[in-house]
Amino acid sequence: TGAARGSGAATARLLAENGAHVVLADVRDDQGAVTAKEIGGPARFVHLDVTDERQWADVVAAVTRDYGRLDGLVNNAAVLHLAPIWATSTEDYLRVVRVNELGVFLGVRAVITPMKDAGGGSIINVSSIEGVYAAGTTVAYSATKFAVRGITKVAAVELGRYGIRVNCVCP
């Protein structure tokens, strides 16, 4: 997710270079399509708003239909809001929570059944150094990145018995 540009695009490129069939997902349709075309080969782009449960179901269904299985998920999509606590509105805070935290939860949940059916898989949730150490003006971002670490730990405990590895990276 968040694969139209930045670290998401770089991750998709690396996975494709190592032989993976990659499905890049993002809300930035034009950029995502260009990135998938640049990667070439089996890479393709799909529109996905990670805050939309129905879109997750549709994307996961399409991937399993088109590729026969789903082996991995990189939950990378995120937004950033920089402001001190007193200048962060509830709306700003919840926008970050919806993308960075709810999006990860929905992604993990959406891939459990197809990964179980495939006999296992790998989920990588992207947190941040702000999910380890707090920094000023990052209240919403930091809170969600701490939450991503928590989601990852719970998912690892629950899903390991099914051969599904769940890890978190904190760039």
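Provided above is the structure to which this section pertains.
Everything numeric in this text was worked out from a predicted model, so none of it was measured.

Here we come to the overall build of the chain. Summing up its helical and strand segments, the chain has five helices and five strands in all. In the chain, the succession of helices and strands from N to C terminus is α-β-α-β-α-β-α-β-α-β. Seen along its three principal axes, the alpha-carbon backbone of the chain occupies a region of about 50 × 40 × 30 Å. For the chain, the proportion of its 171 residues judged to be buried stands at 41%. On the chain, roughly 8,900 Å² of surface is accessible, and the fraction owed to carbon and sulfur atoms is 56%. Each charge sign in the chain was given a centre, from 17 positive and 17 negative side chains, and these centres are 5 Å apart.

Below, the discussion takes up the packing of aromatic side chains. Under the definition given, this model contains zero aromatic pairs. Over the ring of Tyr 162 we find Lys 116; its NZ or CZ atom is 4.1 Å from the centre of that ring.

Rules of the game
- Residues numbered from 1 in each chain as written.
- Predicted model: local features only at pLDDT ≥ 70, side-chain atom pairs only at ≥ 80, totals over all residues.
- Heavy atoms only, no water.
- Helix = DSSP H or I, 4+ residues; strand = E, 2+ residues; numbered from the N terminus.
- Buried < 20%, exposed > 50% of the residue type's maximum accessible area, 1.4 Å probe, protein only.
- Areas by Shrake-Rupley, 256 points an atom, 1.4 Å probe, with all protein chains shown as cover.
- Lys, Arg positive; Asp, Glu negative; His and termini not counted.
- Charge placed at Lys NZ, Arg CZ, Asp CG, Glu CD.
- Phe/Tyr/Trp six-rings, centres within 6.5 Å; stacked < 30°, edge-to-face > 60°.
- Lys NZ or Arg CZ within 6 Å of the ring centre and 35° of its normal.

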